[in-house]
Amino acid sequence: MHAARLALIAASLALSGAALAASPPSRAPGLWETATITDAGRTVAKECVGAGTDRLVRQAMTGLTCRNDDFKRTEDGGYAAGAICRSGPTSIDNKIVVSGDFESFARAEATTVMTGLAGEVGGERRFRTTIEARKLGECAPGQRPGDVILSNGTVINVPAGK
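These remarks concern the structure in this document. (Residues numbered from 1 in each chain as written. Predicted model: local features only at pLDDT ≥ 70, side-chain atom pairs only at ≥ 80, totals over all residues. Heavy atoms only, no water.)

### What to know about the overall build of the chain
- Assigned secondary structure in the chain consists of one helix and nine strands.
- Mapped from its N terminus to its C terminus, the chain presents α and β elements in the order α-β-β-β-β-β-β-β-β-β.
- The buried share among the 162 residues of the chain stands at 38%.
- Put simply, 55% of the contacts in the chain that link residues at least 6 apart link residues at least 24 apart.
- As presented, the chain carries roughly 8800 Å² of accessible surface, and 54% of it is formed by carbon and sulfur atoms. (Helix = DSSP H or I, 4+ residues; strand = E, 2+ residues; numbered from the N terminus. Buried < 20%, exposed > 50% of the residue type's maximum accessible area, 1.4 Å probe, protein only. Contact = heavy atoms within 4.5 Å. Areas by Shrake-Rupley, 256 points an atom, 1.4 Å probe, with all protein chains shown as cover.)

As C-alpha cells, this is what we get:
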C-alpha cells in the first residue's frame with residue numbers, strides 16, 4: 001500500500017506545475033477514458049472534460065516549492081518539460097513527455113526520482129507513470145465538466161482551475 005501511495009504521489013507530481021508557456025493543448029471536450037499505469041499497477045477512470053477542466057498536464061499541488069522547465073516542442077511533435085520540487089527534506093525530480101492529437105488521444109509519460117525519503121535504501125525512489133487517454137464521445141446527460149468517474153462508479157467533481 002505504501003508503494004501504491006508513493007506512486008500516486010509521484011504521478012501527481014509528474015503532472016503538476018510545469019510552466020505553461022508552450023504547454024500542450026487541452027484535450028477536446030467530451031468523455032475520456034484514462035488509464036494510469038505505474039509500478040503499483042493500472043487504474044482506469046472516465047472524465048468529462050470541458051473548458052478549464054483538463055488536468056492531463058496541470059494539477060493543483062500544495063506544499064511544494066518547484067523550479068520548472070518550460071514545455072518545449074520535441075522533434076516528433078510532442079512536448080517535454082521537467083520540474084524539481086522540494087517538500088521538506090524530500091526532493092522530487094520530474095521529467096514528462098506529452099504527445100497525441102488531443103482530439104481523440106493523448107499520452108503522458110513521466111519519470112520521477114524522489115530523494116531524501118526516510119526509510120528508503122539509498123534514500124532514493126524511482127517511478128515511471130504512463131497516462132493514456134482516449135476520447136469515448138460526448139459526456140453523458142447529467143455529467144458536468146470536471147466529473148471523474150472512478151472504476152467503482154464513484155463520481156468526483158473537480159471544478160475548473162482546481
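### Some points on the nonpolar core
- If you look at the biggest cluster of nonpolar residues, it comprises 10 residues: Phe71, Tyr79, Ala81, Ile96, Val98, Phe102, Ala106, Ala108, Ala110 and Ile131.
- Those elements giving two or more residues to this core turn out to be strand S4 (79–87), strand S5 (90–100) and strand S6 (105–115).
- Per-element accounting of this core gives the leading share, three residues, to S6.
- Counting six residues, the second-largest nonpolar core is a separate cluster that includes Ala83, Ile92, Met114 and Leu117. (Core = buried A, V, L, I, M, F, W, Y, C linked by side-chain atoms within 4.5 Å.)

### Some remarks on the packing of aromatic side chains
- As enumerated under the stated definition, the model contains one aromatic pair in all.
- Measuring from centroid to centroid gives 6.5 Å for Tyr79 and Phe102, while their planes differ by 70°, and the two rings are edge-to-face. One end of the pair, Tyr79, is in strand S4; the other, Phe102, is in the loop between S5 and S6, and 23 residues separate them in sequence.
- In this structure, Arg27 is placed above the aromatic ring of Trp32, and the distance from its NZ or CZ to the ring centre is 5.1 Å. (Phe/Tyr/Trp six-rings, centres within 6.5 Å; stacked < 30°, edge-to-face > 60°. Lys NZ or Arg CZ within 6 Å of the ring centre and 35° of its normal.)

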